[in-house]
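# Architecture at a glance
Chain by chain, the residues:
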Amino acid sequence: MYLVERKGGAIACMLLALFFLGTWPAILNLLERRGRPPQHTYLDYTITNLLAAVFIALTFGQIGSSTPEMPNFLTQLSQENWPCVLFAMAGGVVLCLGNLSTQYAWAFVGLSVAEVITASSTVVIGTTLNYFLDDKINRAEILFPGVGCFLIAVCLASAVHSSNAADNESKLKAQGVDTCMVKETLPYKGDLELGSNSTGPKVKFGTAEFLMEVEKRRSIKVFGKSTLTGLAISFFAGGCFSLFTPAFNLATNDQWKTLKEGVPHLVVYTAFFYFSVSCFVLALILNITFLYRPVLNSPKSSLRAYLSDWNGRGWALFAGLLCGFGNGLQFMGGQAAGYAAADSVQALPLVSTFWGILLFGEYRKSSRRTYILLGSMLFMFIAAVGVLMASSGHRKD
C-alpha cells in the first residue's frame, strides 16, 4: 500500500486536489446553463466518481506488501472494522447532500459565490473539528488565523452576491425586462459562453441580452426568485461539507476507540472506498426520485429520458472523475499532514471563480463596488490557503 510520508508530497497532493475540485463544479454548471436537467448530469457524474475511488483503492491501496498493522485494501475488506466503516459512509452521505445542494445553488447565486460560501463554512467548522481530532498536530497560531480569513471571505461573498444581483437587476430594468416573464426554454444550439448562438446575433458577456439568453436556455429558472434562496442552499451545503472530513478522519484514525483490540485502523483507501459507495447509493436514490419529483424549478424527466440523453454526458462523466480523484488526493494528503491542513483545498473557489469569469462571463460589466468586493474576497482566499498549508504538521503513528 502506498502512503504519502513527506510534507512536500502531502502539499503536492493538496495542490492537485485543489485544481481538480475547483474545476468539476464549472463543468456541471456549464451543462445546467446549456439546459441539461441537473438530475441527468448528477447521475452521470456519480458513476465515474465511484469508479475513481475503486481505481485508487485497487492501485495505490494494493501497492507493496500487506502487514498486520497496515493491511492492503482487499485484505481489509474482510476485517471486523464496521464502526469505522460507518464513519466513512456517514462522510459520504453528507458529501453527497452537499454536492447535490450546490448544484442548485450555482444557478441561484453563481458559481463563484456559491463555492466561496460552502468552502468557507467547511473550513470554519470542519477545520476546527479536525484540529482537535488530529491531536493538535497543526500549528494553532498559524491555523486559526487562516480560518479567520475564510470567515471574512464568507461575509465578502455574501456582499459580492448582493451587489452583483443588484447590478443585473439594473441592467434588466434598463431594457424594460420583466424577469418573471422570461420562462421560455430554448434547445441547446451552441454555447453562449463561447460566442456561438445560432438563434440570433452574438451577445456580449454581462449585457441584459446575455442574461436573458442564459435564463431561457438554462434548466433551472432563477429570474424573479429571492436571492435568499441561493444563499440558504449554499449555507446548508457548507454545513454538510464541514462534516465529511471529520467523519473521514474518525474513520481512518479511530480517535474514539471504537475498534476492538488488535483490529487495525482503516487505511485511507479502504475508508475512501466505503465513503464513495455511500455517496453513490444516496445520489442514485435522490436523483432518480428527482427525475419524477423535481425540486427548485428543475425540469421533470424520467429514467428513459435520462438513458437516452447523451448531450453533455461525456463532460458529466469527466467531472465525476475529477471530483473522485480530487477527493482521493485530499484524503491522501490529509492522512500525512493532518486533515485540518488538507482543508486548504477548500480554497477551490479560486479555481472556480477563474472558470466562472472565463467561461460564464460572471461579473462582466458589473459595478466598481462589485469588483472591489470580488477582489477582496479572492485576496482573503489566497491568504487563507497559504496560511492553512503553512500549518501542516506530521502525523505520528
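As a reminder, the structure under discussion sits directly above these lines.
Right, let's walk through the structure included here. Everything numeric in this text was worked out from a predicted model, so none of it was measured. All residue numbers refer to position in the chain's written sequence, counted from 1. Totals for whole chains, interfaces and linings use every residue, but because this is a predicted model, local features are given only for residues with pLDDT of at least 70 and side-chain atom pairs only at 80 or more, for both listing and counting. Note that the side-chain values use all heavy atoms of the structure and ignore hydrogens as well as water.

## Description of the packing of aromatic side chains
Any Phe, Tyr or Trp ring, taking Trp's six-membered ring, that has another such ring centre within 6.5 Å forms a pair; planes under 30 degrees apart are called stacked, those over 60 apart edge-to-face, and the others tilted. A full pass over the atoms with the stated rule returns 21 aromatic pairs. For the pair Y42 and Y45, a centre-to-centre distance of 4.8 Å together with 55° between the ring planes defines the contact as tilted. With Y42 and Y45 both in helix α2 (residues 38–59) and 3 residues apart, this pair spans about one turn of that helix. Pair check on accessibility: Y42 and Y45 agree, each one buried. Considering the side-chain rings of F55 and F325, the 5.9 Å spacing of their centres and the 75° angle between planes classify their relative orientation as edge-to-face. With a gap of 270 residues between them, F55 in helix α2 and F325 in helix α11 (residues 313–337) connect regions that are remote in the sequence. A simple rule labels every residue: compare its accessible area, found with a 1.4 Å probe on the protein chains alone, to the largest value its type can have, and call it buried under 20%, exposed over 50%, or partly exposed in between. The exposure class of F55 is partly exposed, given its relative accessible area of 46%. Overall, F325 belongs to the partly exposed group, its relative accessible area being 25%. For helices the rule is a DSSP run of H or I covering at least 4 residues; for strands it is a run of E covering at least 2, with both sets numbered from the N terminus onward.

## Re the pattern of salt bridges
A carboxyl oxygen of Asp or Glu within 4 Å of a side-chain nitrogen of Lys or Arg is what we treat as a salt bridge. Throughout the structure, instances matching the rule amount to 6 salt bridges. The partner of R36 in a salt bridge is D309, and the shortest N-O contact between them spans 3.1 Å. Here R36 is found in the loop between α1 (7–33) and α2, whereas its partner D309 is found in the loop between α10 (303–308) and α11, with 273 residues between them in sequence. Residue D309 is classed as buried on the basis of its relative accessible area of 14%. Notably, a salt bridge pairs R313 with D44, separated by 3.1 Å at the nearest N-O pair. Here D44 lies in helix α2 and R313 lies in helix α11, a separation of 269 residues in the sequence. By the burial criterion, R313 is buried, and D44 matches it. One connected set of salt bridges, linked through shared partners, spans R36, D44, D309 and R313.

## Here we look at the packing of helix α5 (residues 111–133) against helix α6 (residues 140–174)
As a packed pair, α5 and α6 sit with axes 8 Å apart at the nearest point and diverge in direction by 155°. As summarised for this structure, α5 and α6 are arranged roughly antiparallel, according to the angle between their axes. Between α5 and α6 the crossing geometry is left-handed. Of the residues in α6, those touching α5 at V113, V116, I117, S120, S121, V123, V124, T127, T128 and Y131 are A140, L143, F144, V147, F150, L151, A153, V154, A157, S158, V160 and H161. Angles shown run from 0 to 180 degrees and are taken between the N-to-C directions of axes, each axis being a line fitted to C-alpha atoms and, for helices, limited to the stretch in contact. When an angle is under 35 degrees it counts as roughly parallel; over 145 it counts as roughly antiparallel; between 65 and 115 it counts as roughly perpendicular; any other value is oblique. In a left-handed crossing the near helix is turned counterclockwise from the far helix by less than a right angle, and in a right-handed crossing that turn is clockwise. Any pair of residues with heavy atoms lying within 4.5 Å of one another is described as a contacting pair.

## A look at unusual backbone geometry
With glycine set apart, most residues show a phi of negative sign, and most peptide bonds adopt trans. One non-glycine residue, D254, lies in the positive phi region at around 50°. One can find D254 in the loop between α8 (227–253) and α9 (268–292). The backbone of K257 shows a phi angle near 55°, a positive value even though the residue is not glycine. In this structure, K257 sits in the loop between α8 and α9.

## Concerning the packing of α2 against α9
For the pair α2 and α9, interaxial distance at closest approach is 9 Å and the crossing angle is 165°. The orientation of α2 with respect to α9, classified from their angle, is roughly antiparallel. You can see that α2 and α9 cross each other, and the crossing is left-handed.

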